[in-house]
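Observations on chain architecture
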Amino acid sequence: GENVEQHPSTLSVQEGDSAVIKCTYSDSASNYFPWYKQELGKGPQLIIDIRSNVGEKKDQRIAVTLNKTAKHFSLHITETQPEDSAVYFCAARRNTGGFKTIFGAGTRLFVKA
Amino acid sequence: EAQVTQNPRYLITVTGKKLTVTCSQNMNHEYMSWYRQDPGLGLRQIYYSMNVEVTDKGDVPEGYKVSRKEKRNFPLILESPSPNQTSLYFCASSLGRIGTDTQYFGPGTRLTVL
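Residues numbered from 1 in each chain as written. Chains lettered and ligands numbered in written order. Predicted model: local features only at pLDDT ≥ 70, side-chain atom pairs only at ≥ 80, totals over all residues. Heavy atoms only, no water.

A few points about the state of the cysteines
Heads up, the rule is: Cysteine sulfur atoms that pair up within 2.5 Å are treated as a disulfide. Helix and strand definitions here come from DSSP, where helices need a minimum of 4 consecutive H or I residues and strands a minimum of 2 consecutive E residues; each element is numbered from the N-terminal end. Partly exposed residues are those whose accessible area sits between 20% and 50% of the maximum for their type, while under 20% is buried and over 50% is exposed, using a 1.4 Å probe and protein chains only.
Per the stated rule, a full pass over the model turns up two disulfides over all chains. Residue pairing for Cys 23 of chain A: its cysteine sulfur links by disulfide to Cys 90 of chain A, the two sulfurs lying 1.9 Å apart. Where Cys 23 of chain A bonds to Cys 90 of chain A through sulfur, the torsion about that S-S bond is close to -100°, and the disulfide is left-handed. Placement of Cys 23 of chain A in strand S3 (residues 19-25) and of Cys 90 of chain A in strand S9 (residues 86-93) is noted, with a sequence separation of 67 residues between them. Each member of the pair, Cys 23 of chain A together with Cys 90 of chain A, is buried. Two residues share a disulfide in this structure: Cys 23 of chain B and Cys 91 of chain B, whose sulfurs sit 1.8 Å from each other.

Below you can see the structure in the form of structure tokens.
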């Protein structure tokens, strides 16, 4: 079946360094790729997304890249801060058939001060 | 304030005792969905609803029921809960139209079935 693989499962970086989280999806009909941040005790919150007709998108310290041919997409966080510590989920979704969204297993990011 | 609310936030129950987790959104969203979150598995979709009276199964619907009688509410029903339904549950909503895909998640309901 369709799935999204996410790596690494845990990532620890020093404050100010960059963090990269990678995902691979299997459903070639996926055309929307959101990233969510989940803080302790809260629901996931969208931080950035990218559509299949775009290769890269930036929002301040956060960027996402998409390689549709290889079915890879990545989240890049630059100049990390302690408040970036959270669990991050990638997801892949198709805009047909009920907008089914498949999530990756999550990456726990620790930013050490 | 635009939000998705869930109740209860925490629930401990026993096997076989029917329960309902409520979900409500105040954003006039057409699309609503229920997910369960388990360690190492991410979020898995249980059921979704494209609009009032329109619901469909997600990836893990066994043991769950839903209803969508009003646009704002999407309750999750466990008719006979079992221990393998112990999990963290999230309700989410979105406009549900192409190009407006942002899903807004509720705060979660932690369910323990003994």
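Considering the sheet that holds strand S7 (residues 62-67) of chain A
All names here are of chain A. Stated precisely, the cut-off is as follows: Strands are treated as partners if at least two bridges between them are detected by DSSP. Between the N-to-C directions of two axes lies an angle of 0 to 180 degrees, each axis being a line fitted to C-alpha atoms and, for a helix, fitted only over the stretch in contact.
Spatially, five strands are ordered S1-S3-S8-S7-S6 in an open sheet, and the strand pairing comes out antiparallel. Every other strand in the sheet has two partners, leaving strand S1 (4-7) and strand S6 (56-59) as the edge strands with one partner each. For this sheet, the mean angle separating the axes of adjacent strands, direction not counted, is 15°. Direction of pairing for S1 relative to S3: antiparallel, over a ladder of four bridges. Bridge assignment links His 7 to a residue of S3, and that residue is Lys 22.

With respect to the pattern of salt bridges
All names here are of chain A. Let me state the cut-off plainly: Each salt bridge in this description consists of a side-chain nitrogen of Lys or Arg and a carboxyl oxygen of Asp or Glu lying within 4 Å of one another.
In this structure the tally under the stated criterion is nine salt bridges over all chains. For Glu 39, the salt bridge identified is with Lys 37, shortest N-O distance 3.5 Å. Taking the shortest distance from any N to any O, the salt bridge between Arg 61 and Asp 84 comes out at 2.9 Å. On the criterion of sequence distance, the pair formed by Arg 61 in the loop between S6 and S7 and Asp 84 in the loop between strand S8 (72-77) and S9 is long-range, its members being 23 residues apart. One connected set of salt bridges, linked through shared partners, spans Lys 37, Glu 39 and Lys 42.

Remarks on the sheet that holds strand S1 (residues 4-7) of chain B
Residue and element names in this part refer to chain B. Read across the open sheet, the four strands follow the order S1-S3-S8-S7; overall the sheet is antiparallel. Strands with a single pairing partner mark the edges of an open sheet, and in this sheet they are S1 and strand S7 (65-66). Two elements, strand S3 (residues 19-25) and strand S8 (residues 76-78), share three bridges in a ladder whose sense is antiparallel. Following the sheet pairing, Val 21 is matched in S8 by Leu 76.

Digging into the side chain of Asp 27 of chain A
Rules: Whether two residues are in contact is decided by their heavy atoms: any pair within 4.5 Å suffices.
Note that Asp 27 of chain A resides in the loop between S3 and strand S4 (32-38). If near-sequence neighbours (up to four positions away) are discounted, Asp 27 of chain A is found in contact with Glu 2 and Arg 94 of chain A.

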